[in-house]
Amino acid sequence: MSLSEKSAAIAAALQAQSEFPLLRGERIALRGPRDEDADALFALFSEPQVMRYWSRPAMRGRDEARALIDNIREGQQQRTMFNWVIADAADVAVGSCTLFQFDAVHRRAELGYALHPSQWGRGIAREAASLTLDWAFDGLGLHRVDAGIDPDNDASRALLHRLGFVTEGRQRESFFVGDRVTDSELLGLLAADWRARR
Ligand SMILES: CC(C)(COP(=O)(O)OP(=O)(O)OC[C@H]1O[C@@H](n2cnc3c(N)ncnc32)[C@H](O)[C@@H]1OP(=O)(O)O)[C@@H](O)C(=O)NCCC(=O)NCCS
């Protein structure tokens, strides 16, 4: 397949996702959001420990969680963002895992995630990110996945390095959260590296 055919195949694969792809793991499933996830998503995105290095301020009201669900649905419908809910064995939303900034021509996208602190340290985020990366590389045919973190976010860097991401650089003062500006540590994972680790 030529390079332009590969790019066209990715654009077509994205367009084919008329529903949220359901990604099932051993302990969790990644699924689209439901109206009844609003309370759990509010609990997640209002939690100071989760929002410490997040690119937006903590939520203050449930209406923001409902607006997020609308925004997630719109992103999926436009195929610009796939923001899955991480659901536990009881189908309760315990986190969020996102692929966004799709670029079919250069065959890449960016990865983001957040997990409720009650679930930290169990490998749940790793399982969620692995399901997403399998879908990104094998389902969509991406060549590369990017991630950007606050350089102080050690837990996120540890997760990314465990997945095989390599720190490739640092952008100075690239994120404003309120009146605070932070650098962004840039990481990347190539499809070939991901496949070699499995
Ligand atoms: C980043 C974040 C998702 C990482 O969560 P986490 O629970 O530490 O990550 P993992 O799911 O990979 O868990 C890894 C830990 O669980 C342990 N673990 C236990 N059982 C495990 C299993 N079956 N498989 C893998 N790891 C397991 C590992 O030993 C590891 O601990 P270590 O790093 O001390 O070795 C979490 O800190 C978070 O939500 N932060 C706030 C949001 C955020 O900053 N997101 C990133 C923005 S860029």
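Residue positions within a chain follow its written sequence, with the count starting from 1. Selection of residues for local features in this predicted model requires a pLDDT of at least 70, selection of side-chain atom pairs for listing and counting requires 80 or more, and totals for whole chains, interfaces and linings are taken over all residues. Derived side-chain values reflect all non-hydrogen atoms in the structure, with water molecules and hydrogen atoms excluded from consideration.

1. Some remarks on the nonpolar core
Here, nonpolar core means buried Ala, Val, Leu, Ile, Met, Phe, Trp, Tyr and Cys residues that are tied together by side-chain atoms lying within 4.5 Å of each other. For every residue, the accessible area (1.4 Å probe, protein chains only) is compared with the maximum for its type, and the residue is labelled buried under 20%, exposed over 50%, or partly exposed between those bounds. Counting 56 residues, the largest nonpolar core has L111 and F165 as the members making the most contacts within it. Helical segments are the DSSP runs of H or I of at least four residues, strand segments are the runs of E of at least two, and each set is numbered from the N terminus. With nine residues, helix 5 (residues 124-140) is the largest single contributor of residues to this core. Once residues lying within four places of it in the same chain are set aside, the contact partners of F165 are L111, L133, V145, D146, A147, L160, L187, G188 and L189. Any two residues having at least one pair of non-hydrogen atoms within 4.5 Å are treated as being in contact.

2. Considerations on the packing of helix 2 (residues 38-45) against helix 4 (residues 62-77)
Packing of helix 2 against helix 4 brings their axes to within 8 Å, and their N-to-C directions diverge by 110°. The angle between the axes of helix 2 and helix 4 places the two elements in the roughly perpendicular class. The segment helix 2 lies against helix 4, with A38, D39, L41, F42 and F45 engaging R62, A65, R66, L68 and I69. Lys, Arg, Asp and Glu make up the charged group, whereas Ala, Val, Leu, Ile, Met, Phe, Trp, Tyr, Cys and Pro make up the nonpolar group; the residues left over, Gly among them, are polar. Partitioning the contact of helix 2 with helix 4 into residue classes produces seven nonpolar, no polar and three charged. The axes are straight lines fitted to the C-alpha atoms, using for helices just the contacting stretch, and the angles between their N-to-C directions are given from 0 to 180°. Put simply, angles under 35 degrees are roughly parallel, angles over 145 are roughly antiparallel, angles from 65 to 115 are roughly perpendicular, and the rest are oblique.

3. Let's talk about helix 1 (residues 3-15)
Any helix carries an expected span of 1.5 Å times its number of residues minus one. With 13 residues, helix 1 extends 19 Å from end C-alpha to end C-alpha; this agrees with the ideal 18 Å at 1.5 Å per step. Every buried residue of helix 1 is accounted for by S7, I10, A13 and L14. Taken around the axis of helix 1, the buried residues stretch over an arc of 120°, which confines them to a single face. Along helix 1, exposed side chains directed more than 90 degrees from the buried face belong to S4 and Q15. An arc is given here, and it is the one of the directions from the helix axis to the C-beta atoms.

4. Points about the sheet that holds strand 6 (residues 144-149)
Two strands form a pair only when DSSP identifies at least two bridges running between them. Strand order across the open sheet formed by eight strands is 1-2-3-4-5-6-8-7, with mixed pairing between neighbours. What marks the edges here is a single partner per strand, and that holds for strand 1 (23-24) and strand 7 (166-177). The pairing of strand 5 (residues 108-115) with strand 6 spans three bridges and is parallel. When the sheet's bridge partners are listed, R108 is paired in strand 6 with R144. Contacting strand 3 (81-87), strand 4 (93-103) and strand 5, helix 2 runs over the sheet at an angle of about 80° to strand 4.

5. Considerations on the pattern of salt bridges
Basic side-chain nitrogens of Lys or Arg form a salt bridge, by our definition, when they fall within 4 Å of a carboxyl oxygen of Asp or Glu. With the rule as written, the count across this model stands at 16 salt bridges. Among the charged side chains, a salt-bridge network with shared partners connects R31, R34, D37 and D91.

6. Some remarks on the environment of W135
With respect to the helices, strands and loops of the structure, W135 is situated in helix 5. On a C-alpha basis, the gap between W135 and A90 in space is 23 Å, while along the polypeptide they are 45 residues apart. Apart from the residues within four sequence positions on either side, W135 is in contact with Q17, P21, L23, F82, W84, L99 and L140.

7. Focus on the side chain of R107
As for its placement among the helices and strands, R107 is situated in the loop between strand 4 and strand 5. Dropping the residues within four chain positions of it, R107 is found in contact with L3, K6, S7, I10, G141, L142, H143 and R144.

8. Quick notes on the pairing of strand 4
Counting buried residues along strand 4, eight of its eleven residues qualify, which places the element largely inside the surrounding structure. Here seven bridges tie strand 3 to strand 4, and the two strands are oriented antiparallel to one another. Directly across from F82, in strand 4, lies its bridge partner L99. If you look at the hairpin formed by strand 3 and strand 4, you'll find five residues sitting between the two strands, and D91 has a positive phi there, around 65°. In terms of strand pairing, strand 4 meets strand 5 through seven bridges, oriented antiparallel. Within strand 5, the residue paired with T98 across the bridge is G112. In textbook terms, the turn of a hairpin is the stretch between consecutive antiparallel strands, and for strand 4 and strand 5 this stretch comprises four residues, one of which, R107, has a positive phi near 55°.

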